[in-house]
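# Structural features, examined
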Amino acid sequence: MATQRSNKPIGSRLAARDGFTSGLGVLLATLGSAVGLGNIWKFPSLTGTNGGAAFIIVYLISTLLVGLPVMIAEHVMGRTARADAITTLRKLAPGKLWWLVGAAGVLASFLIMAFYTEVAGWVFAYIVKAVTGGILSTDPAVTGQAFADLIASPSQSLLWQWIVLAWVGLIIALGVSKGIERVTKRLMPILLGLLVIICIRSLTLPGAAEGLKFLFNPDFTKLTGPVVLAAMGLSFFKLSVGMGTMITYGSYFREDQNIPATAARVMLADLTVSILAGIAIFPAVFSYGFEPGAGPSLLFITIPSVFASMPLGQVFMIMFFILTAIAATGAMLSLLEVPVAFLNEKLRLPRVTATIVTVVLLALVGSTAALSSSTLASTKVLGKTFFDLFDFATSNVLLPVGGFFITLFVGWVWGKAQVMNALTNQGALKNERIVNLFIGVCKFVTPVLVFIVLLNGLGLF
Ligand code: PHE
């Protein structure tokens, strides 16, 4: 069989295909996808308000039973087929309708990009505002006004979204190894370094313990049904699964990559980043007596005021928004790669053309999300602005549906021997027990849990 150390295995048809060149590259690009805005505003505030350490335990279990199995399933499907998300399912299930799962994934990643680029645009804008001092006020009313002005301005919203699209488009156009891998390999260590520096700053402020208590104090009475469902849903979005990003990245993995171990490392590292983000944020928030808000108001209104309150606050504020921009960048690279890989490989557009086509389409569709707080604020579809509609359609519908069918496919359709062969690297890894466990979970556990998350997301449960 294929030599285990070769990066260009099995036949010449693959020789020309770009891919990750090292194990570390795989790890950092995949971690780059998982680490995103979710770590900075979703995870810490959900943890703080839903039982602290108790929530972290539930999240960990959810990830082990939901997010992680889907991630392993996607990686192994992609690596086996060595193709974009749609072609992967066509190859693994020829003549069947399973390719629709890939198509839903391409659609989902496109729609997530349409609103994620807008939030990322605000983050990029905030780096500039932090540098110029525009958000350097200890009064949340002032920072709140700065945020309101930003999102209410059509030209600012569109401009920052386009800057973000140009930035990720440029990296994607450079390719998988020269673009995604090279950039994430440089940026992820910077992200971790900045995060640790801000954590130390936050922890050494007077009264930091109050914030740690908010974040970690276990309160098991807060673990209601909706909280458990929220944790399961979050494990999906957090690990970037259910929309073909991990199929696409898996298709660039090396033949000798240990997929279950890689996915487990990414999951643990991503969880660590989330917890560190909480430690960076909440001790400082409490130290200066601010209310721990959630979502956009925490990130764009409270946090600037918190930093403005501390000595050398401007420097820490700049560092914080750079780190958030890096986190968003890694996530967006993996999202943009899904449609670009499809156009490039399936429709045979040159990579640069495929990137330009996708970015232009995103600028058009994404503008409806960008203008959701201004020009299009009163234009509603199904009672939602475009921004909220894209968020709802992906997080609550497309991702769970994708994850459901992916685990069903791997658990019941693809064939145990094939899955075993692919995940043991043709027997080279002695991990049969783990693979057996994985197959069992994919068969009986994950689809059931994901189905419940789906019903809940649709308001039916
Ligand atoms: N995992 C990213 C985050 O936590 C979001 C994401 C979802 C990225 C889907 C890619 C695909 O922010």
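One numbering rule holds for all chains: residues counted from 1, following each sequence as written. The predicted nature of this model means local features are confined to residues of pLDDT at least 70 and side-chain atom pairs, given and counted, to a pLDDT of 80 or more, with totals for whole chains, interfaces and linings taken over all residues. The basis for the side-chain values is all heavy atoms of the structure; hydrogens and waters are excluded.

## Remarks on helix α5 (residues 99-132)
Secondary structure elements follow DSSP: runs of H or I no shorter than four residues count as helices, runs of E no shorter than two count as strands, and numbering proceeds from the N terminus. Under the convention used throughout, the expected extent of a helix is 1.5 Å for every residue step, that is, one less than its residue count. Given a rise of 1.5 Å per residue, 34 residues ought to cover 50 Å, and the 49 Å separating the end C-alpha atoms of α5 matches this to within 8%. The axis of α5 is deflected most strongly, by about 30 degrees, at alanine 114. Note on classification: 1.4 Å probe, protein chains only; a residue is buried when its accessible area is under 20% of the maximum for its type, exposed when over 50%, partly exposed between these limits. Extensive coverage of α5 is indicated by the burial of 25 of its 34 residues. Just downstream of α5, glycine 133 is the residue with a positive phi angle, here 85 degrees. Working definition for bend: take the seven residues up to and ending at a residue and the seven starting at it, fit an axis to each, and measure the angle between the axes.

## Description of the site of the ligand
Around the ligand there are 14 residues in total, and Ala34, Gly38, Tyr116, Phe237 and Lys238 lie nearest to it. At 3.0 Å from an oxygen atom of the ligand is found a main-chain nitrogen or oxygen belonging to leucine 37. Counted as a polar contact is a pair of N or O atoms within 3.5 Å, where, for protein atoms, one must be capable of donating a hydrogen and the other of accepting one, and residues adjacent in sequence contribute only when both atoms are in side chains. Here phenylalanine 237 contributes a backbone N or O atom positioned 2.9 Å from a nitrogen atom of the ligand. When isolated, the ligand has an accessible area of 320 Å², and the protein chains bury 100% of it. A pocket, in this scheme, is an open set of points on a 1 Å grid over the protein atoms alone with protein on both sides within 12 Å along at least 5 of 7 lines, while a cavity is a set where a 1.4 Å probe fits but cannot get out; residues line either one if an atom lies within 4 Å of a point. Occupancy of a cavity or pocket is assigned to a molecule whenever over half of its atoms lie within 2 Å of that pocket's grid points. Counting atoms within 2 Å of the grid points, the majority share of the ligand lands in the largest cavity. Residues are classed as near a molecule or strand on a simple rule: at least one heavy atom within 4 Å of it. To be clear on the numbers: accessible area is Shrake-Rupley with a 1.4 Å probe, and residue cover counts the displayed protein chains and nothing else.

## With respect to helix α12 (residues 259-287)
Across its 29 residues, α12 extends 42 Å between first and last C-alpha, which sits within 8% of the 42 Å expected from 1.5 Å per residue. Its side-chain oxygen 3.3 Å from the backbone nitrogen of alanine 261, asparagine 258 forms the N-cap of α12. Backbone geometry just after α12 places glycine 289 at a positive phi near 75 degrees.

## As for the packing of aromatic side chains
The description of an aromatic ring pair rests on the distance of the ring centres and on the angle between the ring planes. Note on ring pairs: Phe, Tyr and Trp rings are taken, using the six-membered ring of Trp, and paired if centres are within 6.5 Å. Classes follow the plane angle, with under 30 degrees stacked, over 60 edge-to-face and the rest tilted. For the structure on display, the rule yields 26 aromatic pairs. With a centroid separation of 6.1 Å and an interplanar angle of 25 degrees, the aromatic rings of phenylalanine 409 and tryptophan 414 are classed as stacked. Taken individually, phenylalanine 409 and tryptophan 414 each receive the classification buried, so the pair is uniform in this respect. Connected via pairs of aromatic rings, a cluster forms that spans Trp41, Phe115, Trp122, Tyr126, Phe147, Phe300, Phe307, Phe320, Phe321 and Phe387. The criterion is that NZ of a Lys, or CZ of an Arg, lies within 6 Å of the ring centre and within 35 degrees of the ring normal, and then a charge sits over that ring. Sitting over the ring of tryptophan 412, lysine 443 keeps its end group 5.0 Å from the ring centre.

## Some remarks on the nonpolar core
Counting residues in each nonpolar core, the largest one holds 145 residues, and the members touching the most others are Phe20, Met77, Phe300, Phe320, Phe321, Val410 and Phe438. For this core, the element with the most residues is helix α14 (residues 313-345), which contributes 20 residues. Throughout, a residue-residue contact means that at least one pair of heavy atoms, one from each residue, lies within 4.5 Å. Leave out the neighbours within four places in its chain, and methionine 77 touches Thr88, Leu89, Leu92, Ile247, Ile406, Phe409, Val410 and Trp414. Here, the term nonpolar core denotes a set of buried Ala, Val, Leu, Ile, Met, Phe, Trp, Tyr and Cys residues that are joined through side-chain atoms within 4.5 Å. Listed in part, the nine residues of the second largest apolar core include Phe43, Val58, Tyr59 and Leu234.

## Let's talk about empty space enclosed by the protein
Any empty space left between the atoms is revealed when a probe the size of a water molecule rolls over them. Grid points are joined across faces, edges and corners, and a volume is the space filled by probe spheres set on the points. In the structure shown here, the tally under the stated rule is two cavities of 30 Å³ or more. For the largest cavity, the calculated volume is near 140 Å³. Ser33, Tyr116, Phe237, Ser240 and Ala331 are the residues nearest the centre of the largest cavity, which is lined by 15 residues in total. Elements represented by at least two residues in the lining of the largest cavity include exactly α1 (23-34), α2 (37-49), α5, α10 (225-238) and α14. By volume, the second largest cavity amounts to about 30 Å³. The wall of the second largest cavity is formed by Ala280, Ile281, Ala284, Val285, Ile303, Val306 and Phe307. Contributing elements (two or more residues each) for the lining of the second largest cavity: α12 and α13 (295-309).

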